[in-house]
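One-letter residues, chain by chain:
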Amino acid sequence: MFDLYGTVVDMQGGLTRAAAPYLKAKGWTGDPSRLVTWWRRTHYENSMIDALLGRTHIPYREIGRISLAYTLERAGVPHTQDEVRSLVAEIERLQPFPDAVAALTRLKKKYRLSIHSNADPDMLEAIKPHLGIPFDHIISVAAAGSFKPHAAAYRKAAEIVAARPEEILFVANHAFDCVGAKASGMRAAFVDRRKRPFGDWPYQPDLVVSDLKELADQLS
């Protein structure tokens, strides 16, 4: 079971390429990659707030709009909400990392493969043609009504794939996602693409790899 954004598809690179010409046209002279990082961190924070509120689940796309609009305002970039929505929609066209398709194709010969994402169902449907490989399940946290790492999201995903949590290896580029999966009874593989420490959590990954090729090498 794979996280999607940042694990299978290149979110940072893809959004930076999409945002760079927009920011240049607005006369903003900063580093587009830094603004995208700021946007993604704000999105993460806002999705965690939503998961903790215990109210109606706000769609991922709307969290993205709120987060990017806030980021652009903080950066002093003039914008319209239509422009913000257009940039958020670029998430639906993100491309896999160079190692992803070949590695997943190898793993599919031996394992059932699933995606478990914070994205909305229609966003996941839109990105399917870009993934380069069919997955057995593509699961949105909307089915559980809570963003990861809420325990309900992982429980619902296990239910959908008809497996016990301990039978699932959850693969993610984000420590929080591995922590959430482990705390829910799954095993976890941390894809350390960014060469960052995992942190001294009591929920440590069972496997640490540099990319999906290394994961396939170890599991196949």
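The notes below deal with the structure included here.

Scoring rules and cut-offs
Here the residue numbers are simple positions, counted from 1 along each chain's written sequence. Confidence filtering applies because this is a predicted model: local features only for residues at pLDDT of at least 70, side-chain atom pairs given and counted only at 80 or more, and all residues used for totals across whole chains, interfaces and linings. Values reported for side chains reflect all heavy atoms of the structure, with hydrogen atoms and water molecules removed beforehand. Helix and strand labels come from DSSP, where a helix needs a run of H or I of at least four residues and a strand needs a run of E of at least two; each type is numbered from the N terminus. Burial here depends on accessible area, computed with a 1.4 Å probe over protein chains only, as a share of the maximum for the residue type. Under 20% is buried, over 50% is exposed, and the range in between is partly exposed. Contact definition: two residues touch when any of their heavy atoms are within 4.5 Å. Only four residue types enter the charge count, namely Lys and Arg as positive and Asp and Glu as negative; His and the chain termini do not. The atom standing in for a charge is NZ when the residue is Lys, CZ when it is Arg, CG when it is Asp and CD when it is Glu. Pairs of strands are assigned from DSSP output, requiring at least two bridges between the strands. Looking down the strands as they point away from you, a crossover is right-handed if its path from the first strand over the helix to the second goes clockwise. In this analysis, axes come from line fits to C-alpha atoms, helices being fitted only over the stretch in contact, and the angle between any two N-to-C directions falls in the range 0 to 180 degrees. Any helix carries an expected span of 1.5 Å times its number of residues minus one. In protein, a polar contact means a hydrogen-donor-capable atom and an acceptor-capable atom, both N or O and within 3.5 Å, with residues adjacent in sequence counting only if both atoms are side-chain atoms; elsewhere, any N or O pair within 3.5 Å suffices. We call two directions roughly parallel when the angle between them is under 35 degrees, roughly antiparallel when it is over 145, roughly perpendicular when it lies between 65 and 115, and oblique otherwise. Each crossing is labelled by how the near helix is turned from the far one, with a counterclockwise turn of less than a right angle marking it left-handed and a clockwise turn marking it right-handed. Note that Gly is not counted as nonpolar here; it falls among the polar residues with everything else outside the nonpolar set of Ala, Val, Leu, Ile, Met, Phe, Trp, Tyr, Cys and Pro and the charged set of Asp, Glu, Lys and Arg. In what follows, salt bridge is the name for a side-chain nitrogen of Lys or Arg lying within 4 Å of a carboxyl oxygen of Asp or Glu.

### Thoughts on the overall build of the protein
Here is step 1 of the chain: Along its length, the protein carries nine helices and five strands.
Here is step 2 of the chain: Along the protein, from the amino end to the carboxyl end, the secondary structure elements read α-α-α-α-α-β-α-β-α-β-α-β-β-α.
Here is step 3 of the chain: In terms of principal-axis extent, the alpha carbons of the protein reach across some 50 × 40 × 35 Å.
Here is step 4 of the chain: Looking at the protein as a whole, 49% of its 220 residues are labelled buried.
Here is step 5 of the chain: Taking the intrachain contacts of the protein between residues at least 6 apart in sequence as the baseline, contacts between residues at least 24 apart amount to 58%.
Here is step 6 of the chain: Distance between charge centres in the protein, computed from 29 positive and 26 negative side chains, equals 2 Å.

### Re the pairing of strand β4 (residues 187-191)
Here is step 1 of the chain: Among the five residues in β4, four count as buried, and that is most of the element.
Here is step 2 of the chain: Sheet topology places strand β3 (residues 169-172) next to β4; four bridges connect them, and they run parallel. Note on β4: the bridge partner recorded for V171 is A189.
Here is step 3 of the chain: Between the parallel elements β3 and β4, the chain passes through helix α8 (residues 175-183) in a crossover that is right-handed.
Here is step 4 of the chain: As judged from the three bridges shared by β4 and strand β5 (residues 207-209), these two strands associate in the parallel manner.

### Things to note about the sheet that holds β5
Here is step 1 of the chain: Taken in spatial order, the three strands of this open sheet run β3-β4-β5, and their pairing is parallel. The sheet terminates laterally at β3 and β5, the two strands that pair on one side only. Neighbour-to-neighbour, the strand axes of the sheet open up by a mean angle of 20 degrees, direction not taken into account.
Here is step 2 of the chain: Each of β3 and β4 touches α8; the most contacted strand, β4, lies at about 170 degrees to it.

### Re helix α2 (residues 32-53)
For an α-helix the count is 3.6 residues per turn, leaving residues at separations of three or four pointing the same way.
Here is step 1 of the chain: If you check α2, its first and last C-alpha atoms are 32 Å apart, about what 22 residues at 1.5 Å a residue would give, namely 32 Å.
Here is step 2 of the chain: Within α2, burial applies to P32, L35, V36, W39, T42, H43, N46, S47, M48, D50 and A51.
Here is step 3 of the chain: Buried-residue contacts for α2 involve α1 (11-25), α3 (60-75) and α4 (81-88).
Here is step 4 of the chain: You can read the cap of α2 off the contacts: a side-chain oxygen lies 3.0 Å from the backbone nitrogen of S33, and it is on D31.

### Describing the packing of α1 against α2
Here is step 1 of the chain: At a minimum axis separation of 8 Å, α1 and α2 run at an interaxial angle of 120 degrees. Here α1 lies oblique to α2, going by the angle between them. Two packed elements cross with a definite hand, and for α1 against α2 that hand is right-handed. In this structure, α1 contributes M11, Q12, L15, T16, A19, A20 and L23 to the contact, and α2 contributes P32, S33, L35, V36, T37, W39 and R40.
Here is step 2 of the chain: Looking at the contact of α1 with α2 residue by residue, the classes come out as nine nonpolar, four polar and one charged.

### What about the pattern of salt bridges?
Here is step 1 of the chain: Tallied over the entire structure, the rule returns 18 salt bridges.
Here is step 2 of the chain: Between R93 and E90 there is a salt bridge; the shortest N-O distance is 3.1 Å.
Here is step 3 of the chain: Judged by its relative accessible area of 41%, R93 is partly exposed.
Here is step 4 of the chain: Judged by relative accessible area, which is 25%, E90 ranks as partly exposed.
Here is step 5 of the chain: Taken together, the salt bridges that share partners define one network made up of R61, E92, D120 and D122.

### Brief notes about the packing of helix α5 (residues 100-108) against helix α9 (residues 212-219)
When two helices pack together, their arrangement is captured by the angle between the axes and the distance separating the axes.
Here is step 1 of the chain: Packing of α5 against α9 brings their axes to within 8 Å, and their N-to-C directions diverge by 20 degrees. The orientation of α5 with respect to α9, classified from their angle, is roughly parallel. Where α5 crosses over α9, the two elements pack in a sense that is left-handed. Of α9, the residues touching α5 (which contributes A100, A103, L104, R106 and L107) are L212, K213, L215, A216, D217 and L219.

Nothing here speaks to function; it is geometry throughout.
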